[in-house]
Amino acid sequence: MPNHPLVSAARQSGPDAHGDHTCDAPPMPVADGAAGAAAIDKSDLARCFRDIGVRTGGTLLVHSSLSAFGNVRGAEHAVIDALLDVVGPGGLLVMPTHTWGTVSAAQPVFHEQLSPSITGRITETFRHRPTAARSLHPTHSVAALGSGAREFCLGHELYSTPCSRSSPYGRLVAAGGQVLMLGVGLDCLTLLHGIEEWAEVPWLFNRVETLYVITKAQATLTVVSRRHTNDPNYEERDFPSLEPILREAGAIAYSTAGNATIRLIDAARTTDTLLPLLRENPDLVLGPRVRTPL
Ligand SMILES: CC(C)(COP(=O)(O)OP(=O)(O)OC[C@H]1O[C@@H](n2cnc3c(N)ncnc32)[C@H](O)[C@@H]1OP(=O)(O)O)[C@@H](O)C(=O)NCCC(=O)NCCS
């Protein structure tokens, strides 16, 4: 199948215009009170999250860059508190606390309490909040706080892939959840790796790893997990080029807070839109270097 027309148009018009921080290229650090950045606080953030459409009582997964805001009074604590206020006591706040960069066959141990999140300071602070739960997948764990947090995280380590349909990523979709992206673009949207798994794209896995989880209670679990590919012919993705398709489907809303672009993504609509496209053309998500048939 040829590329989706909206993807072709986006690829011709070049990279996403939003100045996001990306997973691939960590941004230059921004000092507190950086020139040109108006300070924002918890109430500014909460207003922004409500206005963009974050649902009170809903399930919300958040990807984030703290420095992208410019200057937040109260730093990551203000961001977390604003999110909890908006989701409310009946809602569920979820963040990735991934360790795929530090846990592998070469260093196979994930420690529920001691392994730091590699997905940003907001997530690392969040997982230490009292009553936050963390799922036990050795490379793609999430932390959750709020209604049903423990159940949401339960059993992630039992599936043989990082983002299976029964994992927290699938549960987010089943719950009618939303993904909020704070100053980061679609290249950080782990849900898209889930959709790759659910579409069964043929190039996604190229090795199986035996990894170990040490729980808070000091139990050791063995987890055999298929790893997302590191084959240079397939690992490069171009997720931001899917953005026009999701915009067209009404799956993304936009706002700004401080210097950061904020995206709110409907998880089920994103899945319903992209799953059939990926089943038909698994290469749709690959980057320009590897997209053409090899
Ligand atoms: C990698 C990534 C986290 C880097 O973002 P970042 O903003 O540089 O880093 P953090 O979010 O950890 O925030 C810490 C930075 O915030 C800045 N900061 C500190 N206080 C601040 C404040 N009050 N207000 C604003 N920024 C502040 C500092 O620059 C700090 O960097 P330092 O610790 O080196 O001093 C980000 O680009 C990213 O990819 N996030 C998404 C990750 C994800 O969810 N991935 C999922 C798929 S893999």
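Residues numbered from 1 in each chain as written. Predicted model: local features only at pLDDT ≥ 70, side-chain atom pairs only at ≥ 80, totals over all residues.

### What about the overall build of the protein chain?
Piece 1. Within the protein chain, the regular secondary structure consists of 10 helices and 10 strands.
Piece 2. Per-residue burial over the protein chain gives 47% buried out of 294 residues.
Piece 3. Sequence-distant contacts, at least 24 apart, represent 72% of the contacts inside the protein chain between residues at least 6 apart. (Helix = DSSP H or I, 4+ residues; strand = E, 2+ residues; numbered from the N terminus. Buried ≥ 20, exposed ≤ 12 C-beta atoms within 10 Å, placed from the backbone. Contact = placed C-beta atoms within 7 Å.)

### What about the nonpolar core?
Piece 1. Ranked by size, the top nonpolar core spans 72 residues in total, and within it Leu83, Val94, Ala144 and Leu180 carry the most contacts.
Piece 2. When residues of this core are assigned to their parent elements, the largest contribution, 7 residues, is made by helix α3 (residues 75-87).
Piece 3. Apart from residues no more than four positions distant in its own chain, Val94 is found in contact with Thr59, Leu60, Leu61, Val142, Ala144, Phe152, Pro168 and Leu172.
Piece 4. Judged by nonpolar contacts, the second largest core, of 6 residues, contains Leu136, Leu211, Val213 and Val223. (Core = buried A, V, L, I, M, F, W, Y, C linked by C-beta atoms within 7 Å.)

### What about helix α9 (residues 267-280)?
Piece 1. Taking 1.5 Å of rise per residue, 14 residues should cover 20 Å, and α9 covers 20 Å from first to last C-alpha, within 8% of that figure.
Piece 2. Most pronounced at Leu274, the bend in α9 amounts to some 30 degrees, and the proline Pro276 follows within four residues.
Piece 3. Ala267, Thr270, Thr271, Leu274 and Leu278 are the residues of α9 that are buried.
Piece 4. Elements that come into contact with the buried residues of α9 comprise α6 (168-174), β6 (178-182), α7 (190-198), α8 (243-248) and β10 (260-266). (Expected span 1.5 Å × (residues − 1). Bend = angle between axes of the 7 residues up to and from the residue.)

### Considering the confidence of the model for the protein chain
Piece 1. Per-residue confidence for the protein chain averages 89 on the pLDDT scale, and 85% of its residues sit at or above 70.
Piece 2. Between residues 22-35, whose pLDDT stays under 50, and residues either more than four places distant or in other chains, the model counts 17 contacts. (pLDDT = per-residue confidence, 0-100.)

### Section: the sheet that holds strand β9 (residues 252-257)
Piece 1. One open sheet holds the 7 strands; their spatial order is β4-β5-β2-β1-β6-β10-β9, and the pairing between them is mixed. Lying at the two open borders of the sheet, with one neighbouring strand each, are β4 (133-134) and β9.
Piece 2. Note that β6 and β10 share 5 bridges and pair antiparallel. Paired with Val179 across the two strands is Ile265, which belongs to β10.
Piece 3. Packing against the sheet, helix α2 (residues 42-52) makes contact with β6, β9 and β10, and its axis sits at approximately 160 degrees to β9. (Pairing = 2+ DSSP bridges. Axes fitted to C-alpha atoms, helices over the stretch in contact; angles between N-to-C directions.)

### Let's talk about the packing of α7 against α9
Piece 1. For the pair α7 and α9, interaxial distance at closest approach is 9 Å and the crossing angle is 45 degrees. With respect to their mutual orientation, α7 and α9 come out oblique. Judged by the sense of rotation from one axis to the other, the crossing of α7 with α9 is right-handed. Facing Leu191, Ile195, Glu196 and Trp198 of α7, the residues of α9 in contact are Ala267, Thr270, Thr271, Leu274, Leu275 and Leu278.
Piece 2. A breakdown of the residues in the contact of α7 with α9 according to their chemical character gives 7 nonpolar, 2 polar and 1 charged. (Parallel < 35°, antiparallel > 145°, perpendicular 65-115°, else oblique. Left-handed = near helix turned anticlockwise from the far one by under 90°. Nonpolar A, V, L, I, M, F, W, Y, C, P; charged D, E, K, R; others polar.)

### Looking at the sheet that holds strand β8 (residues 220-228)
Piece 1. The strand order across the open sheet built from 3 strands is β3-β7-β8, with neighbouring strands paired in mixed fashion. Of all strands in the sheet, those with a lone pairing partner are β3 (109-111) and β8, marking the two edges. Sheet twist, expressed as the average angle between the axes of neighbouring strands with direction ignored, equals 35 degrees.

### Digging into α7
Piece 1. In terms of burial, α7 is a largely internal element, 8 of the 9 residues being buried.
Piece 2. Looking at the buried side of α7, the elements it contacts are β2 (92-96), α6, β6 and α9.
Piece 3. Looking one or two residues past α7, Glu200 carries a phi angle of roughly 55 degrees, positive in sign.

### What to know about the packing of α2 against α3
Piece 1. Orientation of α2 relative to α3, taken along the N-to-C sense of each, is 45 degrees, at an axis distance of 8 Å. If you check the angle between α2 and α3, you find them oblique. Here the hand of the crossing between α2 and α3 comes out right-handed. Touching Lys42, Leu45, Ala46, Phe49 and Arg50 of α2 are Ala78, Val79, Asp81, Ala82, Leu83, Asp85 and Val86, all from α3.
Piece 2. For the contact of α2 with α3, a count of residues per class yields 8 nonpolar, no polar and 4 charged.

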